[in-house]
Structure formats: structure tokens, C-alpha cells
Amino acid sequence: MTHRLIEQFRRRHGVQPAVSRAPGRVNLIGEHTDYNGGFVMPAALEFATWAAAAPRPNRSLCIHSTLNDDEVTVDLDHLPARRGHWSDYVIGVAVMLQRAGYSLCGTNLMISSTVPVGSGLSSSAALEVATGHALVHAAGGKIDPVALAKIGQQAENDFVGMRCGIMDQYISACGREGAALLIDCRSLAARPVTVPDRAALVVIDSKVRHQHAGGEYNLRRQACEEGVARLLPVLPGISQLRDVSVTDLERHGGLLPDMIFRRCRHIVTENQRVLDGETALNRGDGAAFGQLMRQSHSSMRDDFEITCAEVDLLADLANAEACCHGARMTGGGFGGCVVALVAAHEAEGFMNRVTTAYAERTGLKPMAFACHPGPGVGLVS
Ligand code: GLA
């Protein structure tokens, strides 16, 4: 990928670029907990976005995508507002970098990616993190990975208009070879967690993505905020659902309308599952972790209501396999992928059986792969 992109860049611009690479992600457990100040456990994937960059003489930013051969040129001193175009993610990052005091220079950017778009594997975070890294480096600067993750999230929140949390940008910027990260989304501290050798992480893309996903996402966030507001009088000092325990919610749940109660129950129990999941993996207990994955899926389906028929079917097919410790939907929801923890020596057969059964039932062609956690953003040569 890198070699081809460099060749293409040289043909177009006549100079050697620097290339930044940022990965997509899969989240093992902890869904929608990030914007509630809670815990998540993502791993960076081998699928990634590459941004080749070199300075150009004036103050313009030329953004070329090799995916659709589309090109956009904008003025760094008069960056446009959101236009509902793929380049919004890159322009949003440039806006936020300059707002945070990074001085950018005119840059030619050429982007390529292997992260499947719309599959819930964070193609947008990979794009933000790769281009942010490339822009800062082209201007001769440096940026700390956590600061870069925050810039990407701001671009998405305040420029693109999606109120996402920090998980996707964080893991794309800070991912660790061979490990998932348990991230505390309040303190932004993280520690590595490894999957036992005998187990494999398998990701299966349902190939379904519902159009209303973005709007529903923001509604879920609003419901969580409403839960906090209604619980505040009896739990003074709370600012996010992170501060509410499972027992607190059992005690005061009566104050909440049913829908808000179920949304909050997903978050507070999911936070606990992430912490319990870390303990399980640290003692090499794949079966216990798998059990938590199953509970997480049921909670997303029944309480948070972010799954859909196809993804439920895919998770059920995976969970029915004897070699599968557990499977759950991963990512924002309303389609996308299922992640499963399976006995390593059975992974091939598992993928074949589940994808065949899913294709027979839906007529869709799912894609499955075994995932090996990789590093976060960096320059590649
Ligand atoms: C999307 C968002 C993340 C996170 C997940 C759900 O991927 O970008 O911030 O909220 O959904 O866990």
C-alpha cells in the first residue's frame, strides 16, 4: 500500500512524500460508554488509512483520495464550513489543529485506505488521525498521540456534527501491537490487555449499515445525559453515568422513565463488564470474557436498542458455535460488525460456518477475518 501510494504521489506532485498510517479498530467490549466517561477495550486493526503528504508553496491544502480519485483544494486561511463531503473529516481536522495553535503549511495530501467504509471499523477516525498526523509533520511539527485523538474527536463533534466519544480516535492514535487497550475515557489513561494465546479474535462484517445510525447515535447520547440530570438530585456530585454504580441505579431507577432507565442500565452494567472483562483476560479466562461479551450483546439489543435483525442473527449464529466463547456487536450500532472470541485452532472453520449460514439466511455476503492487534498512528517508510 505504502509503496503504491508513494509512486502515485510522486507521479502527481514530483516529490517524495512522508506517509502517515493510522489504523481502524475493533472494540472488544464497552459500547457507548466512552462519552459517558466510562471504560472501553478496543484494539487497532491491520486495516488502516494512509496519508502521503508534502509541503506546497502557497497556503492551500490539496486533498486527493485514491479511493474515488476525487480532489478538493481549500485555503488554509479561509477554510470552508462543513459541506457534507468526505473531505469534511480532513478539513475539520485542519480547522481544529489551527484552533489549537498548530501552525500548518500549504500541503498536498494523498489518501488511501483499506478500512471498509461504513462497516463500523472506524474508517472516519482512521482518516482523521492519519491526516492530522500528516499535516502536523508536513509543517515540521510534532503532536502527542492523545492530543491528536482529541483533535480528531473535536473535528467530528464540532465540524462534522457527530457527537462521538474519544474511543475510535484514541485507539487509532495510541494502539499497541499485540494488545487491546483498556481506556479510562475520563482520565484518558490506558493499559494493555492481551487475549490468551489459545483464543482468536474474529471479526465478521454483517454488510448492513442503517442510514439513521448517526441520528440514533446522538439520541442515545441525549438519553444518557437526561438520565444523569434526573438522577442528580438523589446522587449529588455525579456528572456522567460513569459516576453511577449498578447498585445506585437499582436504588433510584424508579425516578427514570422506562426508556431512559434501560439506556442508563446498559451503560452502568457495560462499564462493569469492561472492568470484569479485563480481570478475566488477565487471568487467561477466555470463557468468562466470552460470557461478558454475550451479556453485552443482549444489553445492546434489549436496553440500548442499537442492534438490528441482521446483526442479532450474526451474533446468534456465532454464539451457537461450540468453539465460540462469546460474540457481540462491535461499534456504534445499527449494523456493522460482530466480534467473537473463539478457540484459535477452530477459527477458520468457525468463520466458514458462520458466514455460510448468514449468507443462506440473508442473501448477504459477509466478510470475516481474524484480527491481530497492531500499533497506532505513525510514519511509515
Ligand atoms: C462510535 C463512536 C465511538 C463510540 C462507539 C460506541 O464508534 O465513534 O465514540 O461511542 O460508537 O461504543
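To be clear, the structure that these remarks concern was listed above.
About the criteria used
- Residues numbered from 1 in each chain as written.
- Predicted model: local features only at pLDDT ≥ 70, side-chain atom pairs only at ≥ 80, totals over all residues.
- Heavy atoms only, no water.
- Axes fitted to C-alpha atoms, helices over the stretch in contact; angles between N-to-C directions.
- Helix = DSSP H or I, 4+ residues; strand = E, 2+ residues; numbered from the N terminus.
- Parallel < 35°, antiparallel > 145°, perpendicular 65-115°, else oblique.
- Left-handed = near helix turned anticlockwise from the far one by under 90°.
- Contact = heavy atoms within 4.5 Å.
- Phe/Tyr/Trp six-rings, centres within 6.5 Å; stacked < 30°, edge-to-face > 60°.
- Buried < 20%, exposed > 50% of the residue type's maximum accessible area, 1.4 Å probe, protein only.
- Core = buried A, V, L, I, M, F, W, Y, C linked by side-chain atoms within 4.5 Å.
- Pairing = 2+ DSSP bridges.
- Near = heavy atom within 4 Å.
- Polar contact = N/O pair within 3.5 Å; in protein donor to acceptor, adjacent residues only side chain to side chain.
- Areas by Shrake-Rupley, 256 points an atom, 1.4 Å probe, with all protein chains shown as cover.
- 1 Å grid on protein atoms, 1.4 Å probe; cavity = no way out; pocket = protein on both sides within 12 Å on 5 of 7 lines; lining within 4 Å.
- Points joined across faces, edges and corners; volume = space filled by probe spheres on them.
- Nonpolar A, V, L, I, M, F, W, Y, C, P; charged D, E, K, R; others polar.

A. Just the packing of helix α2 (residues 88–99) against helix α4 (residues 145–160), in detail. Running from N to C, α2 and α4 point in directions that differ by 110°, and their axes come no closer than 8 Å. The orientation of α2 relative to α4 falls into the category roughly perpendicular. The crossing of α2 and α4 is right-handed. Note on element contacts: α4 touches α2 through Ile151, Gln154, Ala155, Glu156, Asp158, Phe159 and Val160, opposite Asp88, Tyr89, Ile91, Gly92, Val93, Val95, Met96 and Leu97.

B. Molecular detail of the packing of aromatic side chains. A full pass over the atoms with the stated rule returns 2 aromatic pairs. Between the aromatic rings of Tyr35 and Tyr217, the centroid separation amounts to 5.5 Å while the plane-to-plane angle is 65°, which identifies the pairing as edge-to-face. Here Tyr35 is found in the loop between β1 (18–27) and β2 (39–40), whereas its partner Tyr217 is found in helix α6 (residues 213–231), with 182 residues between them in sequence. Side by side, Tyr35 and Tyr217 carry an identical accessibility label, which is buried. For the pair Phe47 and Phe369, a centre-to-centre distance of 4.9 Å together with 90° between the ring planes defines the contact as edge-to-face. Here Phe47, found in strand β3 (residues 42–55), pairs with Phe369, found in strand β12 (residues 367–371); they are 322 residues apart in sequence, far enough to count as distant. The class for Phe369 is buried, based on a relative accessible area of 13%.

C. Inspection of the nonpolar core at higher detail. Val244, Leu249, Val342 and Phe350 are the most contacted members of the largest nonpolar core, which has 47 residues in total. At the level of secondary structure, the elements contributing two or more residues to this core comprise β9 (199–209), α6, α8 (258–282), α10 (309–319), β10 (324–330), β11 (335–343) and α11 (347–362). Dropping the residues within four chain positions of it, Val244 is found in contact with Leu231, Leu235, Ile238, Leu249 and Val268. One finds Leu79, Val90, Leu104 and Phe159 within the second-largest nonpolar core, a separate group that totals 45 residues.

D. Main features of the pairing of β3. Burial runs high along β3: 11 of the 14 residues are buried. Across 9 bridges, β1 lies against β3 in antiparallel orientation. From the neighbouring strand, Ala18 faces β3, where its bridge partner is Ala53. The sheet contact formed by β3 and strand β6 (residues 107–113) spans 7 bridges and is antiparallel. Bridge pairing in β6 links Trp50 to Ser112.

E. Fine view of the site of the ligand. Around the ligand, the neighbouring residues are Arg25, Glu31, His32, Asp34, Tyr35, Cys164, Gly165, Met167, Asp168, Tyr217, Gly331 and Gly332. Gly165 places a polar main-chain atom, nitrogen or oxygen, 2.8 Å from an oxygen atom of the ligand. Gly332 has a polar backbone atom sitting 3.4 Å from an oxygen atom of the ligand. In the complex, the protein chains occlude 94% of the 300 Å² of accessible area that the ligand would expose alone.

F. Just unusual backbone geometry, in detail. Backbone geometry at Glu305 places phi at a positive 50°, although glycine is not the residue there. Relative to the helices and strands, Glu305 resides in the loop between α9 (286–302) and α10. Of the residues examined, Glu305 reaches a relative accessible area of 35% and is grouped as partly exposed. The backbone of Phe334 shows a phi angle near 60°, a positive value even though the residue is not glycine. As for its position among the elements, Phe334 is in the loop between β10 and β11.

G. Structural context of the layout of surface pockets. The computed volume of the second largest pocket comes to approximately 270 Å³. Lining the second largest pocket are 17 residues, with Val195, Ala199, Cys371, His372 and Pro373 sitting closest to its centre. Put simply, the parts of the chain that give the lining of the second largest pocket at least two residues each are β9 and β12. Counting residues per element, the lining of the second largest pocket draws most heavily on β9, at 3 residues. Its residues assigned to classes, the lining of the second largest pocket shows 13 nonpolar, 3 polar and 1 charged.

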